Amino acid sequence: MTRSSNAGDTPVRDGAPVPDVDVVCLGESMVTFLPNLPGRLADVPSFDRAIGGAESNVACTLARTGHTARWISRVGADGFGDHLLAAIADCGVDTTHVQRDPLRPTGIYFRTAGDRAGDTHEVAYYRAGSAASAMTAADMDPRAIRSGRVLHLSGITAALSADCLGLMRELTARRPGRPLLSFDVNYRPGLWREPGQAQELLELARGADLVFVGDDEARDAWGLHGAREIGDALPEPALLVVKQGKGGATVFQRPTANGRLREDAAGTATGERGDPAPGTATGERRGDPVGTATFVPSLNVDLVAATGAGDAFAAGFLSATLRGLPVRTRIRHGHLWAAAALTVPGDLATPPGRAHADRLADLDDAAWGRLHLGPGWTEADASGRRADEEVRTR
């Protein structure tokens with residue numbers, strides 16, 4: 001039986017919301033200031049304004065390729081909050097459930113133009129006491145949060161405040177009626193300063209159905225080395241995506257008693273799990289009796305900036321998941337959408353059109369290995385070339 005919710009307009013069936021969007025993303029977004037010139041923050045004379053936030057990046061990227069997305073957060077009742085809402089809504093994302101806080105500001109940050117992994121990269125955050133840090137489980141609308149086929153979260157939210165950590169614990173608790181829960185670890189050392197604090201991220205990840213984590217994050221946060229160790233430490237998620245930088249990504253796919261999760265999160269195939277090493281053939285599977293591991297190598301790209309690539313990978317993988325594509329194809333879509341982010345200077349890139357991405361994701365292993373993408377490649381899908389000819393685009 002379907003009826004209207006007393007908490008809003010989201011319909012409910014037997015106590016659980018009926019999904020009215022593909023993805024709900026919850027987390028802080030900030031106004032970002034990007035330098036006009038390279039150099040130290042102390043020397044940069046001017047900046048361009050943009051937006052940045054792991055969860056809103058995912059929502060915007062998905063909305064730009066035809067998915068329905070809702071962003072839930074809290075921003076200040078200030079001009080920066082106005083800008084965030086307008087910019088994110090402009091991407092096609094529903095922002096009607098974002099709260100305005102009259103007492104706390106919208107967070108902002110400044111960064112240098114260099115690669116985040118480089119020694120000269122600087123980021124200056126002004127987010128302490130932000131409106132988003134005041135999010136609590138008691139104040140957020142549970143029906144809005146559970147109104148998507150997928151709920152996407154990140155570990156950044158958990159580090160903002162004790163209240164935000166409590167909210168994340170509530171949302172990752174395994175309870176009947178929740179949507180498929182996607183969790184990007186997004187470990188930021190500057191936010192987890194006390195020894196052992198990052199263990200909280202491991203506990204949150206164990207409550208998710210789909211987890212994204214970089215092998216470098218797992219090493220720094222939890223002392224785990226390699227995809228196999230990470231997979232052994234996180235047996236609970238139906239899908240565990242271990243990003244291995246320039247090498248590629250390995251997805252561990254686990255059998256589960258929940259048929260819905262097998263279909264929506266892990267696909268229809270279940271089998272054996274292992275730890276394919278980078279350099280094996282695209283989509284190769286190895287394993288033991290507890291699941292399946294699929295490795296797909298990364299693409300060659302002309303790097304402009306690495307910021308936002310992880311969010312783009314998650315959005316590409318989620319898009320393919322929502323479409324019910326095989327796990328190997330989901331990984332390739334993640335790599336393609338990450339390549340779009342890697343070849344632009346800002347946090348938020350326009351992903352390739354769906355037909356273009358599908359053509360490239362269907363390349364054979366040899367053509368995939370030759371593919372080399374540069375700035376502007378996402379605009380090239382009107383060229384009419386066959387996918388197997390599209391091995392270098394600038």
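In the block above lies the structure referred to throughout.
The present account deals with the structure reproduced in this document.

The rules we used
- Residues numbered from 1 in each chain as written.
- Predicted model: local features only at pLDDT ≥ 70, side-chain atom pairs only at ≥ 80, totals over all residues.
- Heavy atoms only, no water.
- Axes fitted to C-alpha atoms, helices over the stretch in contact; angles between N-to-C directions.
- Helix = DSSP H or I, 4+ residues; strand = E, 2+ residues; numbered from the N terminus.
- Left-handed = near helix turned anticlockwise from the far one by under 90°.
- Contact = heavy atoms within 4.5 Å.
- Nonpolar A, V, L, I, M, F, W, Y, C, P; charged D, E, K, R; others polar.
- Phe/Tyr/Trp six-rings, centres within 6.5 Å; stacked < 30°, edge-to-face > 60°.
- Buried < 20%, exposed > 50% of the residue type's maximum accessible area, 1.4 Å probe, protein only.
- Parallel < 35°, antiparallel > 145°, perpendicular 65-115°, else oblique.
- Salt bridge = Lys/Arg side-chain N within 4 Å of Asp/Glu carboxyl O.
- Right-handed = clockwise from strand over helix to strand, strands pointing away.
- Lys, Arg positive; Asp, Glu negative; His and termini not counted.
- Pairing = 2+ DSSP bridges.
- Core = buried A, V, L, I, M, F, W, Y, C linked by side-chain atoms within 4.5 Å.

## Some points on the packing of helix H10 (residues 309-322) against helix H11 (residues 327-342)
Logical step 1: It is the contact of H10 with H11, at a shortest axis distance of 7 Å, that shows an interaxial angle of 145°. Here H10 runs over H11; the crossing is right-handed. Two secondary-structure elements touch here, H10 through Ala 309, Ala 312, Phe 313, Ala 315, Gly 316, Phe 317, Ser 319, Ala 320 and Thr 321 and H11 through Arg 330, Ile 331, His 333, Gly 334, His 335, Trp 337, Ala 338, Ala 341 and Leu 342.
Logical step 2: Of the residues in the contact of H10 with H11, the class split is 11 nonpolar, six polar and one charged.

## Things to note about the packing of aromatic side chains
Logical step 1: One pass over the full model with this rule turns up eight aromatic pairs.
Logical step 2: When the centroid spacing of 5.0 Å and the interplanar angle of 40° are considered together, the rings of Tyr 109 and Tyr 125 count as tilted. Taken together, the positions of Tyr 109 in strand E10 (residues 108-111) and Tyr 125 in strand E11 (residues 123-126) put the pair 16 residues apart, joining distant regions of the chain.
Logical step 3: Taking relative accessible area as the criterion, Tyr 109 reaches 5% and is therefore assigned buried.

## So, the packing of H11 against helix H12 (residues 354-361)
Logical step 1: Packing of H11 against H12 brings their axes to within 10 Å, and their N-to-C directions diverge by 120°. Here H11 is positioned oblique relative to H12, judged by the angle of their axes. Our pair here, H11 against H12, has a crossing hand that is right-handed. Mapping the contact onto sequence places Thr 329, Arg 332, His 333, Leu 336 and Trp 337 in H11 and Ala 357, Asp 358, Leu 360 and Ala 361 in H12.

## Comments concerning unusual backbone geometry
Logical step 1: Of note, the phi angle at Asn 186 is positive, near 45°, even though the residue is not glycine.
Logical step 2: As for its placement among the helices and strands, Asn 186 is situated in the loop between strand E13 (180-184) and helix H6 (199-206).

## Regarding the pattern of salt bridges
Logical step 1: On inspection of all chains with the given rule, the structure shows 19 salt bridges.
Logical step 2: In this structure, the salt-bridge partner of Arg 178 is Asp 209, at a minimum N-O distance of 3.2 Å. Here the residue Arg 178 occupies a position in the loop between helix H5 (162-172) and E13, and Asp 209 occupies one in the loop between H6 and strand E14 (210-214), the gap between them amounting to 31 residues.
Logical step 3: For Asp 209, a relative accessible area of 3% translates into the label buried.
Logical step 4: Glu 203 is the partner of Arg 206 in a salt bridge, and the nearest nitrogen-oxygen pair spans 2.7 Å. Of this pair, Arg 206 and Glu 203 both sit in helix H6, three residues apart, which is roughly one turn of that helix.
Logical step 5: Glu 203 sits in the partly exposed class, given a relative accessible area of 43%.
Logical step 6: Residues joined by salt bridges that share partners form a network here, namely Asp 20, Arg 70 and Asp 94.

## Digging into the pairing of E13
Logical step 1: Summarising burial for E13: five of the five residues are buried, a large majority.
Logical step 2: The alternating pattern of E13 places Leu 180, Ser 182 and Asp 184 and Leu 181 and Phe 183 on opposite faces, both of which are buried.
Logical step 3: Taking the sense of rotation as the criterion, the β-α-β connection linking E13, H6 and E14 turns out right-handed.

## Focus on the side chain of Asp 311
Logical step 1: Looking at where Asp 311 falls in the secondary structure, it is placed in helix H10.
Logical step 2: Arg 188 provides the closest opposite charge to the buried, salt-bridge-free Asp 311, at an N-O distance of 5.7 Å.
Logical step 3: Not counting the four nearest positions on each side in its chain, Asp 311 is found in contact with Gly 53, Ala 54, Asn 57, Val 58, Asp 184 and Asn 186.

## What about the sheet that holds E11?
Hydrogen bonds between backbone groups are what pair the strands of a sheet, and the pairing can be parallel or antiparallel.
Logical step 1: Taken in spatial order, the four strands make up an open sheet running E6-E5-E10-E11, and their pairing is mixed. One side of each edge strand has no neighbouring strand; the edge strands of this open sheet are strand E6 (47-52) and E11. Within the sheet, the average angular offset between the axes of one strand and its neighbour, ignoring direction, is 20°.
Logical step 2: Of the strand pairs in this sheet, strand E5 (residues 30-35) and E10 are connected by three bridges, and their pairing is parallel. Bridge pairing in E10 links Val 31 to Ile 108.
Logical step 3: In this fold helix H2 (residues 79-90) packs onto E5, E6 and E10, with an angle of close to 65° to the strand it touches most, E6.

## Comments concerning the nonpolar core
Logical step 1: The biggest cluster of nonpolar side chains holds 57 residues, and the ones touching the most others in it are Val 93, Phe 317 and Leu 336.
Logical step 2: Of all the elements, H11 adds the most residues to this core, at nine residues.
Logical step 3: Not counting residues within four places of it along the chain, the set of residues in contact with Leu 336 comprises Leu 299, Pro 352, Ala 357, Leu 360, Ala 361, Trp 368, Leu 371, Leu 373 and Trp 377.
Logical step 4: Ile 145, Ala 208, Ala 233 and Phe 252 belong to the second-largest nonpolar core, a separate cluster that totals 44 residues.

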